[in-house]
Amino acid sequence: MQTQQSFQQHQTGTLFLVPTPIGNLNDMTFRAVQTLQDVDVIAAEDTRNTQKLLNHFEIKTPQLSFHEHNAAEKIPGLLTRLQNGENIAQVSDAGMPSISDPGHDLVMAAIANDIPVVPLPGANAGLTALIASGLAPQPFLFWGFLPRKHHELVQTLTKLQNRPETMIFYEAPHRLLKTLQGLREVLGPQREISICRELTKRYEEFIRGNLTDAVNWANANQVRGEFVLIVAGNDHATVTATNTVQLSLEQQIQQLIDKGLKPNAAIKQVAKQNQLPRQAVYNEFHHID
């Protein structure tokens, strides 16, 4: 076992994980500001975006760029600096580092090299949305962004459809309608949802109802801003004797075909088992978007 005593003397520097506001700059904590002032360098997802935050709080600490596309290149240099005694703060554009944002690879590398990793508490869009959603706050399942391709979206949601936990998803405005349609297709039109938009910002908004209401709302409105989707869990889930909930739709169909059913008959049966439209299951099996 590896033990870390965060605030004891260390031979190395420390990697601080510093949350940043998800919209309202007043949500920045005193400790976060002090930490960004005290470290030797800030590893930022987007230095231009973070500079606005630093300017607001009159923080003069230098930055370097660290994001998902240059992480492999940057981590060795960051480790060297930490091993030489420098303290580094890692920030994402908004919210918690590593939560649907870069950071986890650097955390793993620091831990592997016995460098202390100290997290600071702060803003998180998923939990902020959850507590105001009106849906059960615990247990919950944080998923983040769902797949973009329709057949992958259906496959993922099929695995989640019987989960009893309240589910948390993130979505961009240009993808919102398709994601809501996919949720309705797989989870059913009556599943409850809270659409949380522009959290902590001037145009913060909550749209609460079922998935049919949600799709109608997205169709009728000009969708703008960043979204968190809080979706109710399944409080009447059923698991068949063959445990098909653990299999993808394609695997369920193939299992029936292997037992002698023709493809169309297998598709029809799987659609019924999963309470899904037959056409959606057909498209999934044949990889039609």
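Where an unreviewed UniProt entry is consulted, the protein chain appears under the name Ribosomal RNA small subunit methyltransferase I, with the organism given as Candidatus Paralactobacillus gallistercoris. Under the UniProt heading Subcellular location (unreviewed entry), the entry covering the protein chain gives this text: "Cytoplasm". The Sequence similarities (unreviewed entry) field of the UniProt record for the protein chain holds the comment "Belongs to the methyltransferase superfamily. RsmI family."

Asks: Give a description of the pattern of salt bridges that names residues and reports values.
Replies: Counting across every chain of the model gives five salt bridges. A salt bridge links Arg81 to Glu86, with the shortest nitrogen-to-oxygen separation between them at 3.0 Å. With relative accessibility at 29%, the residue Arg81 sits in the partly exposed group. Classification of Glu86 as partly exposed rests on a relative accessible area of 23%. In this structure, the salt-bridge partner of Glu198 is Lys201, at a minimum N-O distance of 3.6 Å.

Asks: Could you give an account of helix H4 (residues 104-112), with specific residues and numbers?
Replies: Within the sequence span of H4, burial applies to Leu106, Val107, Ala109 and Ala110. Down the axis of H4, the smallest arc covering the buried residues is 165°, so these residues share one side.

Asks: With reference to specific residues and values, describe the nonpolar core.
Replies: Phe169, Leu180, Leu183, Ile193, Ile195 and Leu229 are the most contacted members of the largest nonpolar core, which totals 34 residues. Each residue touching Ile193, except ones within four places of it in the same chain, is listed here: Leu135, Leu180, Leu183, Ile207, Arg208, Gly209, Asn210, Leu211, Ala214, Leu229, Ile230 and Val231. One finds Ala43, Phe66, Ile88 and Val117 within the second-largest nonpolar core, a separate group that totals 18 residues.

Asks: Lay out the sheet that holds strand E3 (residues 63-65) in plain terms, naming residues and giving numbers.
Replies: Strand order in the open sheet made by the five strands is E3-E2-E4-E1-E5, with parallel pairing throughout. A strand with exactly one partner marks an edge of an open sheet, and here the two such strands are E3 and strand E5 (117-119). Sheet twist, expressed as the average angle between the axes of neighbouring strands with direction ignored, equals 25°. Of the strand pairs in this sheet, strand E1 (residues 15-17) and E5 are connected by three bridges, and their pairing is parallel. For Leu15, the partnering residue across the bridge sits in E5 and is Val117. Its contacts with the sheet put H4 on E1, strand E4 (88-91) and E5, and the angle it makes with E1 is roughly 145°.

Asks: Help me get a handle on helix H3 (residues 71-83), residues and values and all.
Replies: Here H3 is 13 residues long and its end C-alpha atoms lie 18 Å apart, about the 18 Å a rise of 1.5 Å per residue gives. Regarding H3, the residues found buried are Ala71, Ile75, Leu78, Leu79 and Leu82. Viewed along the axis of H3, the buried residues span an arc of 105°, placing them on a single side of the element. Looking at the buried side of H3, the elements it contacts are E1, E3, E4 and H4. At the C-terminal side of H3, Gly85 shows a positive phi close to 100°.

Asks: Give a description of the packing of aromatic side chains that names residues and reports values.
Replies: In total, this model carries three aromatic pairs according to the counting rule given. Relative to Tyr170, the ring of Phe142 lies with its centre 5.2 Å away and its plane at 75°, an arrangement referred to as edge-to-face. On the criterion of sequence distance, the pair formed by Phe142 in strand E6 (residues 140-145) and Tyr170 in strand E7 (residues 166-171) is long-range, its members being 28 residues apart. For Tyr170, a relative accessible area of 11% translates into the label buried. Ring geometry for Phe145 and Tyr170: centres 5.8 Å apart, planes at 75°, overall edge-to-face.

Calculation notes
Here the residue index of a chain counts from 1 through its sequence in written order. Local features in this predicted model are restricted to residues of pLDDT 70 or higher, and side-chain atom pairs are both shown and tallied only at a pLDDT of 80 or more, whereas totals for entire chains, interfaces and linings draw on every residue. Excluding hydrogens and water, the side-chain values take into account all heavy atoms of the structure. UniProt positions are given in the numbering used here, feature names are shortened, and annotations may be inferred rather than shown by experiment. Take a side-chain nitrogen of Lys or Arg and a carboxyl oxygen of Asp or Glu: if they are within 4 Å of each other, that pair is a salt bridge. For each residue, the accessible area found with a 1.4 Å probe, counting protein chains only, is set against the maximum for its type, and the residue is called buried under 20%, exposed over 50%, and partly exposed in between. Note on conventions: DSSP H or I runs of at least 4 residues are helices, E runs of at least 2 residues are strands, and numbering of each starts at the N terminus. Summarising the geometry, the arc corresponds to the directions from the helix axis toward the C-beta atoms. Here the nonpolar core consists of buried residues drawn from Ala, Val, Leu, Ile, Met, Phe, Trp, Tyr and Cys, with membership extended through side-chain atoms lying within 4.5 Å. Pairs of residues are marked as contacts when any of their non-hydrogen atoms sit within 4.5 Å. Strands are treated as partners if at least two bridges between them are detected by DSSP. The axes are straight lines fitted to the C-alpha atoms, using for helices just the contacting stretch, and the angles between their N-to-C directions are given from 0 to 180°. Helix span, expected: 1.5 Å multiplied by one less than the number of residues in the helix. Only rings of Phe, Tyr and Trp enter the pairing, Trp through its six-membered ring, and a pair is recorded when the two centres are within 6.5 Å. The plane angle decides the type: under 30 degrees is stacked, over 60 is edge-to-face, the rest tilted.

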